[in-house]
Amino acid sequence: MSGLEKARELFAEVQVAPSILSADFGRLREEVDEVLAAGARVIHVDVMDGHFVPPITVGANVVAALADTVHAAGGVVEAHLMIERPERSVEEFVRAGADSVTVHAEATPHLARAVEMIHESGAAAGVAINPGTEVGALAEVGGEIELALCMTVNPGWGGQPFIAHSLDKLPRVRAIIGAGAAVEVDGGIDPGTAPACRDAGAGVFVAGNAIFGEPDPGAAYAAIVAALDGVPRR
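Residue numbers restart at each chain and count upward from 1, following the sequence in its written direction. For this predicted model, a pLDDT threshold of at least 70 governs which residues receive local features, and a threshold of 80 or more governs which side-chain atom pairs are given and counted, while totals over whole chains, interfaces and linings are taken from all residues. Note that the side-chain values use all heavy atoms of the structure and ignore hydrogens as well as water.

### Some remarks on the overall build of the protein chain
This is how it is decided: A helix here means a DSSP run of H or I that spans at least four residues, while a strand means a run of E at least two residues long, and both kinds are numbered starting from the N terminus. With C-alpha atoms as the basis for the radius of gyration, the globule rule is written as 2.2 Å multiplied by the number of residues raised to the power 0.38. Summary of the burial criterion: residues with accessible area below 20% of their type's maximum are buried, those above 50% are exposed, and those between are partly exposed, where the area comes from a 1.4 Å probe applied to protein chains only. Should any heavy atoms of two residues lie within 4.5 Å, those residues are considered in contact. All accessibility values rest on the Shrake-Rupley procedure with a 1.4 Å probe; residue burial counts only the protein chains present in the view. Under the convention used here, Asp and Glu are negative, Lys and Arg are positive, and both His and the chain ends fall outside the count. For charged residues, the charge sits on one atom: NZ in Lys, CZ in Arg, CG in Asp, CD in Glu.
Counting its regular elements, the protein chain contains 9 helices and 8 strands. Computed over the C-alpha atoms, the radius of gyration of the protein chain is 16 Å, within 12% of the 17 Å expected from 2.2 N^0.38 for a compact globule of 234 residues. The principal-axis extent of the C-alpha atoms belonging to the protein chain is close to 40 × 35 × 35 Å. The buried share of the protein chain, taken over its 234 residues, is 55%. Contacts spanning at least 24 positions in sequence make up 66% of the contacts within the protein chain whose residues lie at least 6 apart. Total accessible area computed for the protein chain in this model is approximately 9,200 Å², and 50% of it derives from carbon and sulfur atoms. Placing the 15 positive and 32 negative side-chain charges of the protein chain at their respective mean positions leaves the two points 3 Å apart.

Shown next, in the form of structure tokens:
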């Protein structure tokens, strides 16, 4: 099964996606192994360039370092590119092992082309919108993507509080992208906020600090899964 096919299969189900942004990079593979052993199958890699968002984080080399481990567990790597002109870097991240690449609608004037390039490279395509971005930014690509990411914090740093009014956007995002794609939320997701996002239409839940900021990342992952227990498969 290709990375694109595997991503589509996993995104069709409810997923909690641990974000390595909050991981201990001195123990990165070990901590990723812990959440994979607990059942995680989508590992979220936040890529920041110091321009689109102020911090600088990781590059394709970190995706390459984790890809074999994640794939061996039956999972996928989602590269979330919080970078300017992401279409210039899509192929590099897919070559490194990313199975899904998410780009920001605000970061490129060529969003449709960026989505096309992701698919041409063999990965699932996601488009993210920031809290202050209207959902209409997804309209022209809504039928072409596997994933729409609604940021529930302003992108840049882990550990920010959840923006409650983001919940109002999720039904509108679903209406634009239709039933064939996943709605993902990222920012402030924990056992307390995840159920409200689920009820508003989300199916993929990115959690960083709530998982890797805890002493036992595997148990923290399981706690969010437990808070979402009983969600019907989409």
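Further notes follow.
### Focus on the side chain of Gln15
The condition is simple: As used in this structure description, the phrase polar contact means that two N or O atoms lie within 3.5 Å; if the pair is within protein, one of them must be able to donate a hydrogen and the other to accept it, and residues adjacent in sequence are counted only when both atoms belong to side chains.
By secondary structure assignment, the location of Gln15 is in strand β1 (residues 15–18). For Gln15, a relative accessible area of 7% puts it in the buried group. Here the side chain of Gln15 touches Leu10 through a polar contact of 3.1 Å, landing on its backbone oxygen. Gln15 has contacts with Leu10, Arg41, Val42, Gly203, Val204 and Phe205, leaving out every residue within four places of it along the chain.

### Quick look at the packing of helix α2 (residues 28–37) against helix α9 (residues 217–227)
What counts, and what does not: Note on definitions: angles span 0 to 180 degrees between N-to-C directions of axes, and those axes are lines fitted to C-alpha atoms, for helices only across the stretch in contact. Here the angle decides the label: under 35 degrees means roughly parallel, over 145 means roughly antiparallel, 65 to 115 means roughly perpendicular, and every other value means oblique. Here is the rule for handedness: rotate from the far helix to the near one, and if that takes an anticlockwise turn smaller than a right angle the crossing is left-handed, while a clockwise turn gives right-handed. When residues are grouped by polarity, Ala, Val, Leu, Ile, Met, Phe, Trp, Tyr, Cys and Pro land in nonpolar, Asp, Glu, Lys and Arg in charged, and all others, Gly among them, in polar.
One way to put it is that α2 packs onto α9 with a least axis distance of 8 Å and a crossing angle of 40 degrees. It follows from the interaxial angle that α2 and α9 lie oblique. Between α2 and α9 lies a crossing of right-handed hand. Note on element contacts: α9 touches α2 through Pro217, Gly218 and Tyr221, opposite Glu31, Glu34 and Val35. Of the residues assigned to the contact of α2 with α9, the class counts are 3 nonpolar, 1 polar and 2 charged.

### Let's talk about the pattern of salt bridges
So the rule is basically this: Here, a salt bridge means any Lys or Arg side-chain nitrogen found within 4 Å of an Asp or Glu carboxyl oxygen.
Within the structure shown, the criterion is met by 9 salt bridges. Residues joined in a network through salt bridges with shared partners are Arg27, Glu30, Glu31 and Glu34.

### Some words on unusual backbone geometry
Note: most peptide bonds trans; most residues except glycine with negative phi. We note that Arg85 has phi near 50 degrees; this positive angle belongs to a residue other than glycine. Looking at the element boundaries, Arg85 is found in the loop between β3 (76–82) and α4 (90–96).

### Notes on α9
The condition is simple: Working note: the arc is built from the helix axis to C-beta atom directions.
Within α9 the residues assigned to the buried category are Pro217, Gly218, Ala220, Tyr221 and Ile224. Taken end-on, α9 shows its buried residues confined to a sector of 165 degrees, consistent with a single buried face. Sitting at the amino-terminal end of α9 is Asp216, which places a side-chain oxygen 3.2 Å from the backbone nitrogen of Gly218.

### Considering the pairing of strand β2 (residues 42–48)
Threshold: Paired strands, in this sense, are two strands between which DSSP finds at least two bridges. Clockwise travel from the first strand over the helix to the second, with the strands pointing away from the viewer, marks a crossover as right-handed.
With respect to burial, β2 is a largely interior element, 7 of its 7 residues being buried. Residue alternation in β2 divides its side chains into two sets, Val42, His44, Asp46 and Met48 and Ile43, Val45 and Val47, and both sets are buried. Relative to β3, β2 runs parallel, the two sharing 7 bridges. Paired with Asp46 across the strands is His80, a residue of β3. One crossover worth recording links β2 to the parallel β3 by way of helix α3 (residues 60–72), and it is right-handed.

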